[in-house]
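This is what each chain is made of:
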Amino acid sequence: MENIRKSLLFSASCVALVVTALTFATRAGMIEPWREEFKLTAEQAGWIIGTAFWGFTLAMIVGGPLVDVIGMKRIIFVAFGCHIAGILLTIFATGFWSLFFSTLFIGIANGSVEAATNPLITTMYVEDKTRKLNLFHVWFPGGIVIGGLMVFLLEAIGMGWRIQMAAMLIPTFLYGILFFN
């Protein structure tokens, strides 16, 4: 039973990392549509893009040490909640500030995934840390490829950036279900 639980948590961690990668792959292609739709300047677009990186860093700096204090499950809950909030805020964006905060939430989510899942995996697989961390981290470039293909296919059938964002809810809910059941 313990091996099944470990396997589920490892799979959940991989899916959460895929979501993290998807946010990079999909949002990169949304910048120009946002600039056009919301009449954003290049500077505003830069602020929106940059927010993901300092949100990520903030979550790593704060969330990393908090893992030992409040636990990995709570940090994963922060990641899940911020992914959902960031995706929904993006879908329903009305301009600069909603995109800014949606990107901040997604950055915090992404950093929280990293802050919690790396120690989770090393704790579960004490005798096999390196191999399991390598298997886990393969899902980041894999998620970039999945995201790029998803955007390409959705654009090819005429689906806009909101649908592309909404598609990320599927793996997000999947990792939530795997972690919290």
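Keep in mind the model is a prediction, meaning the values are calculated, not measured.

### Details of the overall build of the protein
- In terms of helices and strands, the protein carries nine helices and zero strands.
- Its helices and strands in sequence order give the protein the pattern α-α-α-α-α-α-α-α-α, from N to C terminus.
- Computed over C-alpha atoms, the radius of gyration of the protein comes to 16 Å, within 12% of the 16 Å expected from 2.2 N^0.38 for 181 residues, which places it in the range of a compact globule.
- Overall, the C-alpha framework of the protein stretches about 50 × 35 × 25 Å when taken along its three principal axes.

### Here we look at the packing of helix 4 (residues 72-91) against helix 5 (residues 96-124)
- Two elements in contact, helix 4 and helix 5, have axes separated by 7 Å at closest approach and are oriented at 155°. With respect to each other, helix 4 and helix 5 are oriented roughly antiparallel. Between helix 4 and helix 5 the crossing geometry is left-handed.

### So, a nonpolar patch on the surface
- Among the surface-exposed residues, Val145, Leu149, Phe152 and Leu153 lie close enough to one another that they form a single nonpolar patch of about 430 Å² accessible area.
- In this structure, Leu153 sits in helix 7 (residues 139-156).
- A residue is classified by how much of its surface remains accessible, and Leu153, at 52% relative accessible area, is exposed.

### Topic: the layout of surface pockets
- Roughly 180 Å³ of internal volume is contained in the largest pocket.
- Elements supplying a minimum of two residues to the lining of the largest pocket: helix 1 (2-28), helix 2 (31-38), helix 3 (42-70) and helix 5.
- Here the residues of the lining of the largest pocket are counted per class, giving nine nonpolar, three polar and one charged.

### Some details on the environment of Phe136
- Mapped onto the elements of the fold, Phe136 is located in helix 6 (residues 129-137).
- The buried category is assigned to Phe136, whose relative accessible area is 0%.
- Separated by 42 residues in the primary sequence, Phe136 and Leu178 have C-alpha atoms spaced 16 Å apart.
- Setting aside chain neighbours within four positions, we find Phe136 in contact with Phe10, Ser13, Cys14, Leu17, Thr117, Asn118 and Ile121.

Reading the values: the criteria
Residues numbered from 1 in each chain as written. Predicted model: local features only at pLDDT ≥ 70, side-chain atom pairs only at ≥ 80, totals over all residues. Heavy atoms only, no water. Helix = DSSP H or I, 4+ residues; strand = E, 2+ residues; numbered from the N terminus. Rg over C-alpha atoms; globule rule 2.2 N^0.38 Å. Axes fitted to C-alpha atoms, helices over the stretch in contact; angles between N-to-C directions. Parallel < 35°, antiparallel > 145°, perpendicular 65-115°, else oblique. Left-handed = near helix turned anticlockwise from the far one by under 90°. Patch = residues over 30% accessible without salt bridge, like charges linked within 9 Å, V, L, I, M, F, W, Y side chains within 5 Å. Areas by Shrake-Rupley, 256 points an atom, 1.4 Å probe, with all protein chains shown as cover. Salt bridge = Lys/Arg side-chain N within 4 Å of Asp/Glu carboxyl O. Buried < 20%, exposed > 50% of the residue type's maximum accessible area, 1.4 Å probe, protein only. 1 Å grid on protein atoms, 1.4 Å probe; cavity = no way out; pocket = protein on both sides within 12 Å on 5 of 7 lines; lining within 4 Å. Points joined across faces, edges and corners; volume = space filled by probe spheres on them. Nonpolar A, V, L, I, M, F, W, Y, C, P; charged D, E, K, R; others polar. Contact = heavy atoms within 4.5 Å.

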